[in-house]
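Working through the structure, step by step
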Amino acid sequence: MAKPHSDGEGSDFEGDTATVARKKEEVIPDSVDHFLGQLLESIKSRNIQEINRLYETVFNQLTDRYYGKTKWPSAYAVGDAIGNDEVLFLILYKELYYRHIYARLNPVSFEDRVGSWKNYTQLLDLMIDTLSEGEDIGIALPAQWLWDILDEFVYHYQTYSTYCHKTAKMQKEKDIKELQGNPGVFDTTKVLNYLHKLVRYSLIEEWLVNPENPNGKAGAFTDESTRLVGYFALMQLLRMHSLLGDYRLALETIDKIDFRAEVPLFYRIPACHVTVYYYMGFAHMMMRRYVDASRTFQDILVFLSKISAVNSLSYQYDQMLKKQDQMYVLLLMCNALCPQPLDESLEKPIREKHADKQMRLQQQLESCFEELFSYACPKFVAAAAPDFEHLENFSPNEAHQRQLHLFLQEVKQQQALPTIGSYMKLYTSLQTSKLAQLCEMDEEGLRDQLMCVIHKTRQLVHQKEGPPLQGVLQPCGEVEFYLDGDMVHINSQKPQRPHEGVFLEHIVKFQDILKRMDKLEK
């Protein structure tokens, strides 16, 4: 295993005498000191079950008891208590320390932002150095903690980008100088590079293609923690590319994810499960693949409605609830742009909590789409920091406005489609002149709109096999029609599914659920 090392720049173990003296004056309660001792011993003995108990339960209980509105003890104080030579433990402790600051103690100081970055680079460099030598990551941690490390790493990057743009807007000289003096902190290229290295050196993509390990390789094939780190890095790359607005690359990132496995790895962590479906569904929506987006959101929302496995003490619990609500909103927007049958189990929560949104969306109100998109979309980031030398025409929300503009353009182009479709449902064939009269437009304009309907209702649709980016182009509108001269011929009788098909599908679905339950119990 590679040795933990410091980057030598402003480490938590350096500082002026006054700062060190102040840190040493901190008093650590006996129960917290006992927790730290137990955690150290469990990490050294690689007792994952005990680490998970301390991490998921005891840490949150102590936070609520002692540190609800203050910081946990500094790394100086903890180092004095358990020994400064336990460098790996102190890196992991600081990961918890900074995460607590971000979750509970806003606003986060610039010093803490830089400290968080340096600590993550130490931890990830340690993992990558060990993996590049052909070993495992050298750290035995519970799946939830491994997920939280990478999830929080990207979250800190996201909030740092927001902070940079707010600082540029406020134009406070002191804050701008701090940012200019630390150009590498949460740099987009560096963050992506760390995630790509974890994927590459962990061999996770090779394991996903063939987990049998015919060539006797290490990495994800032999160590579970290494496998999970690589897997979770793929999920964070999906998230990163979505935040940057590159939806095609986002979906390419998860080409090899085990969606068809009996129990996919993302089932182990509810937050991971939600993340992959939220960003995959959003990417489909922005690529105008509303059928796939609707199916994705329905799948995860139905799943969430049937479980209650999320730790309510976890700092992510509220975020999970918010993501669930956002996915309901995204589902309604997809359904307004391309109506699809909704799962029966979702109709009640939609009726109880989102009926007003559904009604406004059906009226094709642009202001409603804008409001709901802004609520339910990811918090987009700009790939580069602001140019602090030229801030005259700077817009801090440019990344969000660009994605909003693209989405609203699509909404505007479809505004006439529901009206045309509603009249077509009343006929099996009619003249274009009559349809134009009903729609209150001239015949030439109607032909343009009909071409628009044909184009906009043809989408790539995933066929339940292959990677998420694949699909077959097919019509997805409520009404099928074709033009023959000045006549519009409409297929008003859409094919109905045979009853036996419905029963067989549900039998298979319940068998699948029972198999997964048995697998999880074992």
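Placed above this text is the structure.
A brief look at the structure comes next.

Conventions and cut-offs
- Residues numbered from 1 in each chain as written.
- Predicted model: local features only at pLDDT ≥ 70, side-chain atom pairs only at ≥ 80, totals over all residues.
- Heavy atoms only, no water.
- Axes fitted to C-alpha atoms, helices over the stretch in contact; angles between N-to-C directions.
- Helix = DSSP H or I, 4+ residues; strand = E, 2+ residues; numbered from the N terminus.
- Parallel < 35°, antiparallel > 145°, perpendicular 65-115°, else oblique.
- Left-handed = near helix turned anticlockwise from the far one by under 90°.
- Contact = heavy atoms within 4.5 Å.
- Nonpolar A, V, L, I, M, F, W, Y, C, P; charged D, E, K, R; others polar.
- Phe/Tyr/Trp six-rings, centres within 6.5 Å; stacked < 30°, edge-to-face > 60°.
- Buried < 20%, exposed > 50% of the residue type's maximum accessible area, 1.4 Å probe, protein only.
- Salt bridge = Lys/Arg side-chain N within 4 Å of Asp/Glu carboxyl O.

1. So, the packing of helix 17 (residues 355–362) against helix 18 (residues 366–376)
- Contact pair helix 17 / helix 18: the axes reach a minimum separation of 8 Å and the direction vectors enclose 135 degrees. In terms of orientation, helix 17 lies oblique with respect to helix 18. Along this stretch, helix 17 crosses helix 18, giving a crossing that reads as left-handed. Residues Lys357, Arg360 and Leu361 of helix 17 form the contact with helix 18, whose participating residues are Cys368, Phe369, Glu371 and Leu372.
- Here the residues of the contact of helix 17 with helix 18 sort into four nonpolar, no polar and three charged.

2. Some details on the packing of aromatic side chains
- Counted by the stated rule, this structure contains 33 aromatic pairs.
- When the centroid spacing of 4.7 Å and the interplanar angle of 10 degrees are considered together, the rings of Tyr55 and Trp145 count as stacked. Here Tyr55, found in helix 3 (residues 48–66), pairs with Trp145, found in helix 7 (residues 143–170); they are 90 residues apart in sequence, far enough to count as distant.
- On the accessibility criterion, Tyr55 (4% relative accessible area) is buried.
- Ring centres of Tyr160 and Tyr163 lie 6.4 Å apart, and the angle between their planes is 45 degrees; on these two criteria the pair is classed as tilted.

3. Examining the environment of Lys379
- Mapping Lys379 onto the fold places it in the loop between helix 18 and helix 19 (398–413).
- In this structure Lys379 comes out as exposed when scored by relative accessible area, which is 59%.
- In this structure, the C-alpha to C-alpha distance between Lys379 and Leu244, residues 135 residues apart in sequence, is 9.5 Å.
- Discounting residues that sit within four places of it in the chain, Lys379 has contacts with Gln158 and Leu243.

4. Considering the pattern of salt bridges
- This model, assessed by the stated rule, comprises 17 salt bridges.
- With a shortest N-O distance of 2.6 Å, Glu95 and Arg99 are connected by a salt bridge. With Glu95 and Arg99 both in helix 5 (residues 87–104) and four residues apart, the pair spans about one turn of that helix. Across the pair, Arg99 and Glu95 agree in class, each one buried.
- Between Arg99 and Asp148 there is a salt bridge, with its nearest N and O atoms 3.7 Å apart. Here Arg99 is found in helix 5, whereas its partner Asp148 is found in helix 7, with 49 residues between them in sequence.
- Overall, the relative accessible area of 4% leaves Arg99 in the buried class.
- Note on Asp148: relative accessible area 1%, which makes it buried.
- Through salt bridges with shared partners, a single network forms among Glu95, Arg99 and Asp148.

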